Amino acid sequence: MAATDETGPAGQNTTVPGTPPPAGPPADPDPRTGARMPRWLPRAMVLALALIAVFQLGSWAFHQLTGLLINVLIAFFLALAVEPAVSWMAARGVRRGFGTFLVFVGVLVVGAGFVTLLGSMLAEQIIKIVEDFPQYLDSVINWINNHFHTELRRVDIQENLLRSDWLRNYVQNSATGVLDVSAQVLGGLFRLLTVALFSFYFAADGPRLRRAICSVLPPARQAEVLRAWEIAVNKTGGYLYSRGLMALISGLAHYVLLEFLDVPYAPVLAVWVGLVSQFIPTIGTYLAGALPMLIAFTVAPWYAVWVLVFVVVYQQFENYVLQPKLTARTVDIHPAVAFGSVIAGTALLGAVGALIAIPAVATLQAFLGAYVKRYDVTDDPRVLGHRGSGGAGAFGRRVRGLWAQRRPEDDGAGSSEARAGTAGAGAPGSGAAGASGPGEGGTAGAS
């Protein structure tokens, strides 16, 4: 019984010597040393929120100031364009402010004169069309009555037109749109004044602006900025001056044609063709020639054909003779690059981008060209646009070489038609027969 008592509950708590004691229940974690937020996480969250807020604020401000930034960009390019003329007058003792004023007055006078002439021409043409509209309508009605055996009258058509709902709705919409048009006109005038003011200050205070920019840059960077500025001035000014000269030549050429054909408003149409054809590259000539063609068609239908032929011929003369000589030192860029830059500029900034695209691309091309290392081009004929001299002769020599390398057993393996062809090839004047025949025959054939 004593042994039994020893093996009872008291014996169950005894452990075998050499074995570790059983693990007890896990201890509760200390609340002071438990999972705690890192110290840098609140600061990172605050910084991220601040960056998001700054980005949103900057995006909102950029969208609100897009119009102003575009105006400043236009003004900057205009200032670059007039910089050569202002610098020329400043070098001869004229103050930069007064010289800039004289240049802007000249541009304003020329632009106002062109707009006045073009507006008067359009107004007179509209008045003439309105006055002659009954005659045009009578001629159309007579043609319809003669060909379709109808009995239309101009009075009935006019009454139906005046009483139509379409005309009434159109008049109402036009009356409500007058205020929108007036607001757009006032906005355009304010934008033009803003651009003129900024461009005047950029041109008059050009040296001061350059000094202010260079004052925050190290000397090496100052030289690069001044060089880029000089390239931009040369390219932008050269682009406008070369285009102006080409516009003058184009206007004179079209003026002579329109005067010879006795087309009305020849001076205004010539100025229109000159400006539009030069400041819209590649397709500007054809767009500008549409208006003279329309006016010439009212005089005589064949006159419009003559104008079209002259426009096409002059465009080829300008592309291959006149333009390479005038733009070789100013904006020597490929026509495809110019056209693509205009499309890209239009997609980004509209009409403004179309105007400043070419001088901007020319400036970038000239600036990058100063840092791109160039090498002498090899004399490989493929560089010149062809695979080599005598490509057809080389092909013939290769075929004759393959023919001469045939195996002898191939000559007797042909069919009867091949043998007949070989025999027929042995006629006089055939070099192949002389080569396959005996020695004497080959000599005679060769002779």
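As the structure is a prediction and not an experimental result, all values here were calculated from the model.

A. Representation of the overall build of the protein in the model. Per the secondary structure count, the protein includes 20 helices and zero strands. By the burial criterion, 23% of the 447 residues in the protein qualify as buried. A fraction of 64% describes how many contacts in the protein between residues 6 or more apart in sequence connect residues 24 or more apart.

B. Main features of the confidence of the model for the protein. Per-residue confidence for the protein averages 74 on the pLDDT scale, and 72% of its residues sit at or above 70. Confidence over residues 411–447 falls short of pLDDT 50; this stretch has nine contacts with residues more than four positions distant or in other chains.

C. Structural context of the packing of helix α4 (residues 66–91) against helix α10 (residues 219–260). At a closest axis distance of 8 Å, the pairing of α4 and α10 adopts a crossing angle of 80°. With respect to each other, α4 and α10 are oriented roughly perpendicular. Of α10, the residues touching α4 (which contributes Phe76, Phe77, Leu80, Ala81, Val82, Glu83, Pro84 and Ala85) are Trp229, Ala232, Val233, Thr236, Gly237, Leu240 and Tyr241. For the contact of α4 with α10, the residue count by class is twelve nonpolar, two polar and one charged.

D. Spatial organisation of the nonpolar core. In terms of nonpolar packing, the biggest core is built from 15 residues, with Met121, Leu258, Val263, Leu269 and Val307 touching the most fellow members. Among the elements of the structure, α5 (96–148), α10, α11 (266–279), α13 (290–299) and α14 (301–326) are those that each provide at least two residues to this core. The residues contacting Val307, other than those within four sequence positions of it, are Leu257, Leu258, Leu261, Pro292, Met293 and Ala296.

E. Examining a nonpolar patch on the surface more closely. Residues Ile280, Ile283, Tyr286, Leu287, Leu308 and Val312 make up a contiguous nonpolar surface patch of roughly 470 Å² in combined accessible area. At the level of elements, α12 (284–288) and α14 are the ones that each hand at least two residues to the nonpolar patch. Secondary-structure assignment places Tyr286 in helix α12. By relative accessible area, Tyr286 is classed as partly exposed at 37%.

F. Highlighting unusual backbone geometry. Although it is not a glycine, His149 sits at a positive phi angle of roughly 55°. In this structure, His149 sits in the loop between α5 and α6 (154–162).

G. Quick look at α4. With 26 residues, α4 should cover 38 Å at 1.5 Å per step; its first-to-last C-alpha distance of 37 Å lies within 8% of that length. Backbone geometry just downstream of α4 places Gly93 in the positive-phi region, at approximately 95°.

Reading guide: rules and limits
Residues numbered from 1 in each chain as written. Predicted model: local features only at pLDDT ≥ 70, side-chain atom pairs only at ≥ 80, totals over all residues. Heavy atoms only, no water. Helix = DSSP H or I, 4+ residues; strand = E, 2+ residues; numbered from the N terminus. Buried < 20%, exposed > 50% of the residue type's maximum accessible area, 1.4 Å probe, protein only. Contact = heavy atoms within 4.5 Å. pLDDT = per-residue confidence, 0-100. Axes fitted to C-alpha atoms, helices over the stretch in contact; angles between N-to-C directions. Parallel < 35°, antiparallel > 145°, perpendicular 65-115°, else oblique. Nonpolar A, V, L, I, M, F, W, Y, C, P; charged D, E, K, R; others polar. Core = buried A, V, L, I, M, F, W, Y, C linked by side-chain atoms within 4.5 Å. Patch = residues over 30% accessible without salt bridge, like charges linked within 9 Å, V, L, I, M, F, W, Y side chains within 5 Å. Areas by Shrake-Rupley, 256 points an atom, 1.4 Å probe, with all protein chains shown as cover. Salt bridge = Lys/Arg side-chain N within 4 Å of Asp/Glu carboxyl O. Expected span 1.5 Å × (residues − 1).

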